[in-house]
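# Secondary and tertiary structure notes
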Amino acid sequence: MENGLDDCTQDGTVDLKGNPVLRSKRGGWRACSFVVVYEVFERMAYYGISSNLVVYLTTKLHEGTVRSSNNVTNWVGTIWMTPILGAYVADAHLGRYWTFLTASVIYLLGMSLLTLSVSLPALRPPPCKDVNLDNCRKASTMQLAVFFGALYTLAVGTGGTKPNISTIGADQFDDFHPKEKAHKLSFFNWWMFSIFFGTLFANTVLVYIQDNVGWALGYGLPTLGLLISVAIFLAGTPFYRHRLPTGSPFTRMAKVIVAALRKSKVSVPSDPKELYELDLEEYAKGGKFRIDSTPTLRFLNKAAVKTGRTDPWMLCSVTQVEETKQMLRMIPILIATFVPSTMIAQINTLFVKQGTTLDRQIGSFKIPPASLGGFVTLSMLVCVVIYDRFFVSIARRWTKNPRGITLLQRMGIGLVFHIIIMIAASLIERHRLSVAREHGLVENGGQIPLTIFILLPQFVLMGVADAFLEVAKLEFFYDQAPESMKSLGTSYSTTSLGIGNFLSSFLLSTVSDITKKHGHRGWILNNLNASHLDYYYAFFAILNFLNFIFFLIVNRFYVYKAEVSDSMEVLAEELKGMTLTGPNQVSSHE
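None of the values given here were measured: they were computed from a predicted structure.

## Here we look at the overall build of the protein
If you tally the helices and strands in the protein, you get 20 helices and seven strands. Residues counted as buried form 58% of the 590 residues belonging to the protein. Summarising the internal contacts of the protein: among those between residues at least 6 apart in sequence, 82% fall at separations of at least 24. Total accessible area on the protein is roughly 23,900 Å²; 65% of this is exposed by carbon and sulfur atoms.

## Brief notes about the confidence of the model for the protein
Looking at the protein as a whole, its pLDDT mean stands at 84, while 86% of the residues score no less than 70. The secondary structure element of the protein with the lowest average pLDDT is helix 20 (residues 568-580), at 38, and the one with the highest is helix 18 (residues 533-557), at 96. Within the model, the stretch residues 1-6 combines pLDDT values under 50 with eleven contacts to residues more than four positions away or in other chains. Overall, residues 563-590 carries pLDDT values under 50, and its contacts beyond four positions in sequence, including any with other chains, amount to 54 contacts.

## Structural notes on the packing of helix 15 (residues 407-438) against helix 18
Between helix 15 and helix 18, the shortest axis-to-axis distance is 8 Å and the interhelical angle comes to 165°. If you check the angle between helix 15 and helix 18, you find them roughly antiparallel. The crossing of helix 15 and helix 18 is left-handed. Class assignment for the residues of the contact of helix 15 with helix 18 results in 17 nonpolar, six polar and three charged.

## What about the pairing of strand 7 (residues 448-451)?
Across the two faces of strand 7 the burial differs, with Ile448 and Leu450 buried and Pro449 and Thr451 not buried at all. Bridge count between strand 4 (residues 358-359) and strand 7: two bridges; the pairing is parallel. Across the sheet, Leu358 pairs through a bridge with Ile448, a residue of strand 7.

## Comments concerning the environment of Leu546
Examined against the element boundaries, Leu546 turns out to sit in helix 18. Here Leu546 falls in the exposed class, since its relative accessible area comes to 52%. Each C-alpha atom of the pair Leu546 and Ile419 lies 9.7 Å from the other, and the pair is 127 residues apart in sequence.

## Quick look at the pattern of salt bridges
Under the counting rule described, the total for this entry stands at eleven salt bridges. Arg43 is the partner of Glu42 in a salt bridge, and the nearest nitrogen-oxygen pair spans 2.6 Å. Side by side, Glu42 and Arg43 carry an identical accessibility label, which is buried. Between Glu470 and Lys473 there is a salt bridge, with its nearest N and O atoms 3.0 Å apart. In this pair, Glu470 and Lys473 are both assigned in helix 16 (residues 456-480), three residues apart and thus about one turn of the helix distant. Exposure remark for Glu470: the relative accessible area of 9% places this residue in the buried category. With relative accessibility at 1%, the residue Lys473 sits in the buried group. Salt bridges sharing partners connect three or more residues here, namely Glu39, Glu42 and Arg43.

## Here we look at the nonpolar core
Trp75, Phe147, Tyr536 and Tyr537 are the most contacted members of the largest nonpolar core, which totals 77 residues. By size, the runner-up hydrophobic cluster in this structure holds 34 residues, among which are Phe196, Met380, Ile405 and Val471.

## Considerations on unusual backbone geometry
A negative phi angle characterises most non-glycine residues, just as the trans form characterises most peptide bonds. We note that His62 has phi near 60°; this positive angle belongs to a residue other than glycine. With respect to the helices and strands, His62 occurs in the loop between helix 2 (53-59) and helix 3 (65-81). Phi is positive for Leu297, close to 45°, though the residue is something other than glycine. Structurally, Leu297 can be placed in the loop between helix 9 (280-285) and helix 10 (318-329).

## Description of empty space enclosed by the protein
What the rule picks out here adds up to five cavities of 30 Å³ or more. The wall of the largest cavity is formed by 37 residues, among which Arg43, Tyr47, Trp80, Phe196 and Leu497 lie closest to the centre. Of all the elements in the fold, those that place two or more residues in the lining of the largest cavity are helix 1 (28-50), helix 3, helix 5 (141-170), helix 6 (178-212), helix 12 (338-344), helix 14 (373-399), helix 16 and helix 17 (486-514). Residue composition of the lining of the largest cavity, by class: 17 nonpolar, 13 polar and seven charged.

## Focus: the environment of Phe459
In this structure, Phe459 sits in helix 16. Between the C-alpha atoms of Phe459 and Ile347, which are 112 residues apart in sequence, the distance is 7.5 Å. Discounting chain neighbours no more than four positions away, the residues touching Phe459 are Ile347, Phe351, Leu372, Gly373, Phe375, Val376 and Ser379.

## Digging into the side chain of Asp466
Its location among the elements puts Asp466 in helix 16. When near neighbours in sequence (up to four residues on either side) are disregarded, Asp466 contacts Phe196, Ile344, Val376, Met380 and Val471.

What counts as what
Residues numbered from 1 in each chain as written. Predicted model: local features only at pLDDT ≥ 70, side-chain atom pairs only at ≥ 80, totals over all residues. Heavy atoms only, no water. Helix = DSSP H or I, 4+ residues; strand = E, 2+ residues; numbered from the N terminus. Buried < 20%, exposed > 50% of the residue type's maximum accessible area, 1.4 Å probe, protein only. Contact = heavy atoms within 4.5 Å. Areas by Shrake-Rupley, 256 points an atom, 1.4 Å probe, with all protein chains shown as cover. pLDDT = per-residue confidence, 0-100. Axes fitted to C-alpha atoms, helices over the stretch in contact; angles between N-to-C directions. Parallel < 35°, antiparallel > 145°, perpendicular 65-115°, else oblique. Left-handed = near helix turned anticlockwise from the far one by under 90°. Nonpolar A, V, L, I, M, F, W, Y, C, P; charged D, E, K, R; others polar. Pairing = 2+ DSSP bridges. Salt bridge = Lys/Arg side-chain N within 4 Å of Asp/Glu carboxyl O. Core = buried A, V, L, I, M, F, W, Y, C linked by side-chain atoms within 4.5 Å. 1 Å grid on protein atoms, 1.4 Å probe; cavity = no way out; pocket = protein on both sides within 12 Å on 5 of 7 lines; lining within 4 Å. Points joined across faces, edges and corners; volume = space filled by probe spheres on them.

So, in structure tokens, the structure goes:
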């Protein structure tokens, strides 16, 4: 080939017609640019809805604090849980590209119906200025059905886009090419940069339009943005590398577990070479990777013990066993991310509700409470750039790790920030309530003579925490997943956010009910001036601390996949060996 290594076939990737692709023709940053630009517009669409949703539910549909907050977190929880289904469809049937496009159509349908529901007066109850929402006319069953039907149609659409779009982007880089591997190390940082750039626009411009111009335009613009983003993604089709569906990851994992259980009394041979494994050529034909046996989760190795039966539910290859191990090993880490995901859920619910009670006036301009979410984005963007450009290069000199510090160390720093955030939020809320008492604003729920910017610390610190935890979480679950289960691995990070939001709904309802017992007023009321969110946030700080202890324990026992801790130099040496054996040779380990 004319350009040597740079022009060779990209193992395991094809064009839309199924033909092998050349590295010089497809993939890399050229292909990723379409994916990254898409994500800017798509995030603008999603956060244009979610950032200010609690305000719409309160002011237009006349829902109380607990109900509106829970409706937001239940919907957002669904948004982040449906990617499991999307990942399954992509890996087992349609592939990532076609799953993404099909889901995008559903996404657009939901956004369009949602815009219609906020635009027509017949689809919402009449306006009400009464401070006591119980005196306002509630939305009818039909009005709620249209509005929430649109929201959950949208949720189904995002289930197919979220786990696949970032994976499509990461697929444009070859793990076994030194230059592309180096580029991939920065991909997830810049991916998050694009996400939060679109989020910043939504949290500033769109929420201002919704609060001051109209909800029809405020929802119509992100719908148009989504349409543009899909068109941009389609424009990049000639440059993409595509991976073929590899079968249901759930079925592959189930076969290993069932086979191991059925052979529970069988002894595992001391020599891993005696276990069942396919020839290297079988993996090379399909552009797949063979993985060597590891001693962790040794019980599952029983699935690869030869007993004379070749039933796939009785005998699995070593690679299939190791793939299952990799997915199972990540579950304790996944559990440790549930609590911080619950904290993130407060940004669009209680944090915004706090903002509605404060002075938002700057001259003739009135700050939308949801716009403070923009400071989460700004601090996130600044921290990601500083981290990627300065911290990593400095830390790399000491640790010899291409990432500077390990992914779990980066996540741990984010968890510490979440403890600090909730302590700060509790202290700030305690001050807000003391001012409300001083000015006699407890019972009437009036506006407190404090600037809304007193809430800035909790928003800014949340952005800093995201720069560590959320970026590392996305990269960790993608990187640690086996090659044939990357979409499922990515869905782990979205599942974390989904369960975190459902956990937020559960905790809010439970704490609200418990604290109202025995004649007490309760911690969370429709009138925040008479509530005790300071106690609630202090409870969250304790919960985060206990979760951090749990994380330290599971982190101690976690075993990384080899390439995460290997230096770029070691990887380059491996690649030289691969090149000597021919461009179609597949490494025996990831």
